[in-house]
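Residues per chain are reported as follows:
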Amino acid sequence: MLIFSILSVLFLVLGTINIISRVQRLKKKKILQENWGTFNSSPSASDSVKSLENNLALEKREKKYDSFIDSQTWDDLDLQKIFKKINITESSLGAECLYNRLHLHVYSQNQTIEDTKDFLNKNNDVRLELQYLFTKLGKKNNNLTNKIIKGASNYKKEKLYLYFLLGIIPLLSLFLAIPFRTFGTVLFSCSFLFNIFFSLSKKYLMDLELERMSYLVQMIYIGKKISRYSFPKKKQLKNAIKEFSLLNIFGYTYKPDVEFVDMGVILEYLNFLFLIPIISHAYMVNKLKKHNLKAQSIYDILSELEAAISILNYEIALDYFCRPTFSTSKELTAKQIYHPLLTEPVANSIDFKENILIGGDNASGKSTFLRTVAVNIVLAQSINIALANEFSMQHGNIFTLIKVQDSISRGESYFMAESRIVKSILDRLNNAMVEQP
């Protein structure tokens, strides 16, 4: 009777948790669907600018690109506000990818993102499920995922089989104690003391490393769920994910938070006894070293997938846009082009075939017009859209010099600040000319 009562309470608790989980899931998916295709699709949390910049710096060192939007141009064109308007990502992966794309321009078109957008636009149910899964991954500033993957070669190969052997000896000794009581008891006591001492000696390092890798492990866990749905790179994702299959067993060690303190203490000692954190970390390190390209593939596929969702939402929310065309002639033409941050923009047509000088009275719209053109150049080269009916240009670098200020901290006057930025632009132009074949 007592056992029946305990089981009844257990099933009741599990059933209640399951119902609450389902209600929360439906509620979140309803919000995602209601906000789809609008500028109200703000994520539940945002990555800090510093975190995004750190990841951008890493990508800039590692990735090949054709042109780069520097901080002066980024500020002059209010691209941070435009990024926030486009960004509806629910995880840091998509936000990092989108932020990097707006900064690092690659002149060859990324067909994967275009194919993904086309597929998701035709499969709304799949898009909604993928969005929800990215909410489960969530945001984490300075998550280090990209850095860990790219720096995996610096890790030393861990003695996984030795740790595994040490971890199962306490369990084996309990079975040995049945036929060989004394031997089994002594073996259990020795292994218990050794494993606890060994775990405690590595506790700080383990806690630090498990925390560092926690977002990476969650990414792989969510990636496995995402690989069940159809999208253009499903096969590549499934192929990469299968190399990290045992993370389903060890993954919980990367989430140390436990609601009940007493249970937390018990779980911690069980982890120490069986060396589970050490084994899981060794497993992850060895897998990253052996299958580094697969880990990078998971990161890239998931990042581009969520960035594609965000860009697609932005396209649907716009009044109108077009796909830019790129020519080899040094000209820039557009019809009915407008600025994305203006609530009631006045569209204009342009035809730049040679150097031009724009003049006019104060507050007549000169800067707004130039910003409109520059912003659309950035969007055309980064996410393959232009806010116009037609837009054609030649690929190239873009530099601006609008918001120039003096700096007391640097001892720099307005003139010196302006001269420094102009010199920087000229240097980059000269480098670009040298690099041309």
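Rules of the game
- Residues numbered from 1 in each chain as written.
- Predicted model: local features only at pLDDT ≥ 70, side-chain atom pairs only at ≥ 80, totals over all residues.
- Heavy atoms only, no water.
- Helix = DSSP H or I, 4+ residues; strand = E, 2+ residues; numbered from the N terminus.
- Buried < 20%, exposed > 50% of the residue type's maximum accessible area, 1.4 Å probe, protein only.
- Contact = heavy atoms within 4.5 Å.
- Areas by Shrake-Rupley, 256 points an atom, 1.4 Å probe, with all protein chains shown as cover.
- Pairing = 2+ DSSP bridges.
- Axes fitted to C-alpha atoms, helices over the stretch in contact; angles between N-to-C directions.
- UniProt positions renumbered as here; feature names shortened; annotations may be inferred.
- Core = buried A, V, L, I, M, F, W, Y, C linked by side-chain atoms within 4.5 Å.
- Salt bridge = Lys/Arg side-chain N within 4 Å of Asp/Glu carboxyl O.
- Expected span 1.5 Å × (residues − 1).
- Arc of directions from axis to C-beta.
- Phe/Tyr/Trp six-rings, centres within 6.5 Å; stacked < 30°, edge-to-face > 60°.
- Lys NZ or Arg CZ within 6 Å of the ring centre and 35° of its normal.

In the annotation of an unreviewed UniProt entry, the entry for the protein chain reads DNA mismatch repair proteins mutS family domain-containing protein, and the organism field reads Lactococcus lactis.

## Details of the overall build of the protein chain
Of regular secondary structure, the protein chain possesses 18 helices and six strands. When burial is assessed residue by residue, the protein chain has 43% of its 437 residues classed as buried. Partitioning the contacts of the protein chain with sequence separation of at least 6, the portion at a separation of at least 24 is 80%. Counting every atom, the protein chain has about 24,900 Å² of accessible surface; 59% of that belongs to carbon and sulfur.

## Notes on the pairing of strand β6 (residues 390-393)
Relative to β6, strand β3 (residues 325-326) runs parallel, the two being bridged by two bridges. From the neighbouring strand, Phe 326 faces β6, where its bridge partner is Met 393. Pairing between strand β4 (residues 332-337) and β6: three bridges, direction antiparallel. By the bridge assignment for β6, Thr 333 is matched with Ser 392.

## Digging into the sheet that holds β3
Read across the open sheet, the four strands follow the order β3-β6-β4-β5; overall the sheet is mixed. Bordering the open sheet on either side are β3 and β5 (348-352), each of which pairs with just one other strand. Running at roughly 80 degrees to β6, helix α17 (residues 366-383) makes contact with β3, β4, β5 and β6 of the sheet.

## Looking at the UniProt feature "transmembrane region" (unreviewed entry) in the protein chain
Under the UniProt annotation, "transmembrane region" (unreviewed entry) lies at residues 6-23, 160-180 and 266-285. With 81% helix and 0% strand, residues 160-180 has its two end C-alpha atoms placed 29 Å apart.

## Observations regarding the nonpolar core
A general trend in soluble globular proteins is that nonpolar side chains are found buried together. By size, the foremost hydrophobic cluster in this structure holds 48 residues, and its most contacted members are Met 219, Ile 220, Ile 226, Met 284, Leu 288 and Ile 298. Going through the elements one at a time, α7 (124-137), α8 (145-150), α9 (160-176), α11 (203-226), α12 (234-241), α15 (276-290) and α16 (292-317) are the ones with two or more residues in this core. A per-element tally of this core places α11 first, with nine residues. Setting aside anything within four residues of it in sequence, one finds Leu 288 in contact with Ile 148, Ala 152, Met 213, Leu 216, Phe 244 and Ala 295. Among the nonpolar cores identified, the runner-up in size contains 43 residues, and Leu 56, Leu 318, Phe 369 and Val 373 belong to it.

## What to know about the pattern of salt bridges
Side-chain pairs of opposite charge can arise whenever the charged atoms involved come near each other. Enumeration according to the criterion identifies twelve salt bridges in this entry. Put simply, Lys 140 and Glu 211 hold a salt bridge, and the shortest N to O gap is 2.8 Å. Of this pair, Lys 140 sits in the loop between α7 and α8 while Glu 211 sits in helix α11; the two residues are 71 residues apart in sequence, bridging distant segments of the chain. Asp 351 is the salt-bridge partner of Lys 353, the closest N and O atoms lying 4.0 Å from each other. Here the salt bridges do not stand alone but share partners, grouping Glu 114, Lys 117, Glu 315 and Arg 323 into one network.

## Focus: helix α6 (residues 111-122)
For α6, with twelve residues, the first-to-last C-alpha span of 17 Å sits near the 16 Å given by 1.5 Å per residue. Taken together, the buried positions of α6 are occupied by Ile 113, Glu 114, Thr 116, Lys 117 and Leu 120. Along the axis of α6, the buried residues cluster in a sector spanning 160 degrees; they form a single face.

## Focus on the side chain of Lys 117
Tracing the backbone through its elements, the reader meets Lys 117 in helix α6. The class of Lys 117 is buried, set by a relative accessible area of 1%. Leave out the neighbours within four places in its chain, and Lys 117 touches Ala 308, Ile 311, Leu 312, Glu 315, Arg 323 and Ile 383.

## Things to note about the packing of aromatic side chains
Counting across every chain of the model gives nine aromatic pairs. Plain terms: the ring middles of Phe 352 and Phe 369 are 6.4 Å apart, the flat faces sit at 80 degrees to each other, and that makes the pair edge-to-face. Within this pair, whereas Phe 352 is found in strand β5, its partner Phe 369 is found in helix α17, the two being separated by 17 residues in sequence. A connected cluster of aromatic rings, assembled from ring pairs, spans Trp 74, Phe 83 and Tyr 99. When the ring centre of Phe 68 is taken as reference, the NZ or CZ atom of Lys 60 above it lies at 3.8 Å. The residue whose ring lies beneath Lys 85 is Phe 39, and the NZ or CZ to ring-centre distance is 4.5 Å.

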